[in-house]
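Here's the letter readout for the chains.
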Amino acid sequence: MMRRYLVAGNWKMNTTRESGTQLAQALVAEVPAENPGVEVLVCPPFPYLTSIGDVVNGSGVGFGAQNCYHEAPGAFTGETATEMLTDIGCRSVILGHSERRHILKETDADINLKVKKALASGLQVILCVGELQSEREADQTEAVLDTQMTGGLDGVDASAFDQIVIAYEPVWAIGTGLTATPDQAEAAHQYLRNWLKDKYSAEISDATRILYGGSVKPDNAQELLSQENVDGALVGGASLKPELFIPIIQAASGLATS
Ligand SMILES: O=C[C@H](O)COP(=O)(O)O
């Protein structure tokens, strides 16, 4: 089955209002408004979501958030409700990123509450999973992915899968310059695709996009994206520079039309 590539830029806690605006403008200028083969998304920090949303509005670039809270609007100081995200036209949210798991100590149970709330609000959820270096060395990669998928998707109905994207991000490859080899990425993606088949259905497994994240750069994008089970990229560092992010989008466009 032909899955539409998704190339998403996770800006993390970077940019200023001005540099973020310039970055978004550069992308809008390069990404065609109609791009059937590739969905392009940027995920700026919360304070800039509205202004970046204004820049990309009506273009081929969507915008998403990097986190959300699971409760409805109310007395939750410092948190952001999914209702606020949809209110400003934001259509996606990254959940379970390894930095939130390991630095902010989010558990699978926390992530699961957020996943369910975001889905109920109609947001596209990019659910991140991935093992630590020590877990890979101890041959626990698949067990970790199983735990994170099972925990993150607990109680999520098959009918929600048109809103779900999985991102495989080996923690040891994030921001380190180390990249999973195409074979390592493909093996993990294949495991995740089989997991979806076992736990849900062949149709869902076939249709769900699985992104790779971890030091994706212009020089490795083509090879990673051409793996059978790699349906896009979640890009951190390289998404902050148009001259690096645009070639990654172009690599996906080239593969989509080849
Ligand atoms: O969400 C993106 C990933 O954490 C990858 O970050 P990176 O491309 O800087 O390694």
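Residues numbered from 1 in each chain as written. Predicted model: local features only at pLDDT ≥ 70, side-chain atom pairs only at ≥ 80, totals over all residues.

- Per an unreviewed UniProt entry, the recorded name for the chain is Triosephosphate isomerase, and the organism is Gimesia benthica.
- Comment text from UniProt for the chain, heading Subcellular location (unreviewed entry), reads "Cytoplasm".
- The chain has a UniProt comment under Subunit (unreviewed entry) that states "Homodimer." (UniProt positions renumbered as here; feature names shortened; annotations may be inferred.)

1. Remarks on the environment of Gln140
Thought 1: Locating Gln140 in the fold gives a position in the loop between helix 6 (133-137) and helix 7 (141-152).
Thought 2: Judged by C-beta crowding, with 15 C-beta atoms within 10 Å, Gln140 ranks as partly exposed.
Thought 3: Sequence separation between Gln140 and Ala221 is 81 residues, and the spatial gap between their C-alpha atoms is 26 Å.
Thought 4: Not counting residues up to four positions away in its chain, the partners in contact with Gln140 are Glu131 and Glu135. (Helix = DSSP H or I, 4+ residues; strand = E, 2+ residues; numbered from the N terminus. Buried ≥ 20, exposed ≤ 12 C-beta atoms within 10 Å, placed from the backbone. Contact = placed C-beta atoms within 7 Å.)

2. Structural notes on the site of the ligand
Thought 1: Every one of the 14 residues lining the ligand counts as a neighbour, but Asn10, Ile174, Gly213, Gly236 and Gly237 are closest to it.
Thought 2: Residues of the shell around the ligand, tallied by class, amount to 5 nonpolar, 8 polar and 1 charged. (Near = placed C-beta within 6 Å. Nonpolar A, V, L, I, M, F, W, Y, C, P; charged D, E, K, R; others polar.)

3. A few points about the sheet that holds strand 8 (residues 232-235)
Thought 1: Taken together, the 8 strands give a closed barrel; going around it, the order is 1-2-3-4-5-6-7-8, and neighbouring strands pair in parallel fashion. The mean inter-strand angle of the sheet, taken between neighbouring strand axes irrespective of direction, is 25 degrees.
Thought 2: Bridge count between strand 4 (residues 92-95) and strand 5 (residues 124-129): 4 bridges; the pairing is parallel. Bridging from a neighbouring strand, Val93 pairs with Val125 of strand 5.
Thought 3: Relative to the sheet, helix 5 (residues 108-120) contacts strand 4 and strand 5, its axis offset from that of strand 4 by approximately 170 degrees. (Pairing = 2+ DSSP bridges. Axes fitted to C-alpha atoms, helices over the stretch in contact; angles between N-to-C directions.)

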